[in-house]
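This is what each chain is made of:
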Amino acid sequence: MSLAHIPDLRTLEILIAIADTGSLGAAARQMGMTQQGVSERVRSAESILGFTLVSRTPRGTHPTPQGRDFINHARDVVRSANSLADTVSFDKDPAHHIIRAAASQTVTDHYIPRWIAHLADTHPGVRFAIKTGNSQQVAHTIARGDATIGFIESLTLPELKGIPSEDYFDSTVITTDYLTLVVRPDHEWADLGHISPLTVAQTPLIVREPGSGTRSAIERVLPQALQAPFVELESATAIKSTVLATRVPAILPRCVVEQEIADGRLSEITIDDTRLSRPIRALWRKGTTLRGSSRTLLEAARNSAARASAARASATRASATRATATRASARGRKRR
């Protein structure tokens, strides 16, 4: 079969949108078209290919078994075409290129700004378009081909439609993000300074929604399922504000609450024998090679993480030196 017998890229994108949304109308809205225009594209594709691609039912429009196989191949084609266009655009005019990526909420709020700052110095004129969602949503964005590279904070890669993540994505760990349990200073846990994992699991908390990297990390380290949450919120900033407004505990990325801990508005509580952390990962569609702007953004993330790690190590050494000097001074005073 020659390329003349394959629907064009725009039609392939429309078929993918139908498979993802389960609706001609929703696919039309996503593609900025009329529903009639989408239907005509489907009929044209079915005429070219010689088989039925989608089945229309009262519950929506879904791929036929043969259509599903074709659309899965179409995803790879569209993804490769987007990657090629991205590489050509970046190579042609890197100073005025738009870097398109997806990132989870914590990464967008607390890591992406540093990476952008680095790229603004090394690639002046580059612009950025970052889609933000929870880790599951970022994975779907990459799977659809709406972004070439994504960044999530998650112990494992998200699964899509029951298919193991290793069949969908390649990934690399960039750095480690730490979580911490916080309460207001007038909470009874503040005087204790530490608490058992079981007590935390049995306490209604303020938490992120299911599918977020923070929620997944918490659920993995606690000894039993979380108690029904006090409230679920879709951003770490909203959770922090709610902790400050109530006497309800929450587990948050430490980078989100560092200032509030430092100025005494929140108290940090140790969970006994529990390490709360998760990797910050970059992920991309399996079988693709990161090129152009995607590769540049990944390198910026790695360089930023290396600088931050070196700064933390330097601060740790300086703190240890000060502590040693303080102890030596105290021993000297005792001898006198």
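Residues numbered from 1 in each chain as written. Predicted model: local features only at pLDDT ≥ 70, side-chain atom pairs only at ≥ 80, totals over all residues. Heavy atoms only, no water.

Enquirer: Mind showing me how you'd approach the overall build of the chain here?
Expert: Secondary structure summary: the chain contains 13 helices and 12 strands in total. Per-residue burial over the chain gives 45% buried out of 336 residues. Sequence-distant contacts in the chain: of pairs separated by 6 or more residues, those separated by 24 or more amount to 74%. Put simply, the chain shows about 17000 Å² of open surface, and 51% of that area lies on carbon and sulfur atoms. (Helix = DSSP H or I, 4+ residues; strand = E, 2+ residues; numbered from the N terminus. Buried < 20%, exposed > 50% of the residue type's maximum accessible area, 1.4 Å probe, protein only. Contact = heavy atoms within 4.5 Å. Areas by Shrake-Rupley, 256 points an atom, 1.4 Å probe, with all protein chains shown as cover.)

Enquirer: Help me understand the side chain of S235, please; the structure alone is not making it clear to me.
Expert: Along the polypeptide, S235 turns up in the loop between β9 (231-233) and α11 (236-245). A relative accessible area of 19% means that S235 is categorised as buried. In this structure S235 touches Q105 and R208, once residues within four positions along its chain are discounted.

Enquirer: What exactly am I supposed to notice about the pattern of salt bridges here?
Expert: Once their charged atoms are close, side chains differing in charge can pair, the charge on each being opposite to the other. Applying the stated criterion to the full structure yields 15 salt bridges. Linking E188 and R247 is a salt bridge whose minimum nitrogen-to-oxygen distance equals 3.0 Å. With a gap of 59 residues between them, E188 in helix α8 (residues 188-192) and R247 in the loop between α11 and β10 (250-253) connect regions that are remote in the sequence. In this structure R247 comes out as partly exposed when scored by relative accessible area, which is 38%. The salt bridge partner of R265 is D263, with a shortest N-O separation of 3.1 Å. Salt bridges sharing partners connect three or more residues here, namely K240, E260, D263 and R265. (Salt bridge = Lys/Arg side-chain N within 4 Å of Asp/Glu carboxyl O.)

Enquirer: I'm lost on the confidence of the model for the chain in this one. Help?
Expert: Keep in mind that low pLDDT regions are not for reading the predicted coordinates in detail. Predicted confidence across the chain gives a mean pLDDT of 84, with 85% of residues reaching 70 or more. Between the elements of the chain, mean pLDDT differs from a low of 71, seen in helix α13 (residues 292-335), to a high of 95, seen in α11. (pLDDT = per-residue confidence, 0-100.)

Enquirer: Just to check I follow, could you spell out the packing of aromatic side chains for this structure?
Expert: Two descriptors summarise a pair of aromatic rings, namely the distance from one centre to the other and the angle between the planes of the rings. Taken as a whole, this structure holds three aromatic pairs when the rule is applied. Relative to F70, the ring of F51 lies with its centre 6.3 Å away and its plane at 75 degrees, an arrangement referred to as edge-to-face. On the criterion of sequence distance, the pair formed by F51 in the loop between α3 (35-49) and β1 (54-57) and F70 in helix α4 (residues 65-92) is long-range, its members being 19 residues apart. In this structure an aromatic cluster arises from ring pairing among Y111, W115 and F151. (Phe/Tyr/Trp six-rings, centres within 6.5 Å; stacked < 30°, edge-to-face > 60°.)

Enquirer: Before we go on, may I ask you to explain unusual backbone geometry in this structure?
Expert: Peptide bonds are mostly trans, and most non-glycine residues show a negative phi. Positive phi outside glycine occurs at D273, with the angle close to 55 degrees. Topologically, D273 is positioned in the loop between β11 (267-271) and β12 (277-285). The exposed category is assigned to D273, whose relative accessible area is 87%.

Enquirer: Sorry if this is basic, but what is going on with the packing of helix α2 (residues 24-31) against α3 here?
Expert: Each packed pair of helices is defined by two parameters, the angle between the axes and the distance between the axes. Where α2 meets α3, the closest approach of the two axes is 8 Å, and the angle between their N-to-C directions is 105 degrees. With respect to α3, the axis of α2 lies roughly perpendicular. Here α2 contributes L24, G25 and A28 to the contact with α3, which in turn contributes Q35, V38 and S39. Within the contact of α2 with α3, the residues separate by chemical class into three nonpolar, three polar and no charged. (Axes fitted to C-alpha atoms, helices over the stretch in contact; angles between N-to-C directions. Parallel < 35°, antiparallel > 145°, perpendicular 65-115°, else oblique. Nonpolar A, V, L, I, M, F, W, Y, C, P; charged D, E, K, R; others polar.)

Enquirer: What should I look at first to understand the packing of helix α1 (residues 9-21) against α2 in this one?
Expert: In contact at an axis separation of 8 Å, α1 and α2 are set at 130 degrees when each is read in the N-to-C sense. Between α1 and α2, the angle is such that the two are oblique. The hand of the α1/α2 crossing is right-handed. Each of R10, E13, I14, A17, I18 and T21 in α1 lies in contact with α2, whose residues at this interface are L24, A26, A27, Q30 and M31. Split into classes, the residues belonging to the contact of α1 with α2 amount to seven nonpolar, two polar and two charged. (Left-handed = near helix turned anticlockwise from the far one by under 90°.)

Enquirer: Explain the pairing of β12 here, please?
Expert: When a strand is regular, its side chains alternate between the sheet's two faces. By the criterion of burial, β12 is predominantly enclosed, with nine of the nine residues buried. In this sheet, β12 lies alongside strand β5 (residues 149-153) in antiparallel orientation, the contact comprising five bridges. Considered in β12, the bridge of G150 is made with L283. In the sheet, strand β6 (residues 169-183) pairs with β12 via nine bridges, with the strands oriented antiparallel. Residue pairing in the sheet places F169 in a bridge with R285 of β12. (Pairing = 2+ DSSP bridges.)

Enquirer: Is there a simple way to explain α1 in this structure?
Expert: An α-helical segment advances 3.6 residues per turn. Residues three or four places apart therefore align on the same side. With 13 residues, α1 should reach 18 Å at 1.5 Å per residue; the first-to-last C-alpha distance of 18 Å fits that figure. Within the sequence span of α1, burial applies to T11, L12, I14, L15, I16, A17, I18 and A19. With a side-chain oxygen lying 3.2 Å from the backbone nitrogen of R10, the N-terminal cap of α1 falls on D8. Residue G22 follows α1 closely and has a positive phi angle near 70 degrees. (Expected span 1.5 Å × (residues − 1). Polar contact = N/O pair within 3.5 Å; in protein donor to acceptor, adjacent residues only side chain to side chain.)

Enquirer: Quick question: what am I supposed to make of the pairing of strand β2 (residues 60-63) here?
Expert: Bridge count for β1 against β2 is four bridges, and the pairing is antiparallel. Its bridge partner being in β2, S55 is matched across the sheet by H62. In this antiparallel pair of consecutive strands, β1 and β2, the connection spans two residues.

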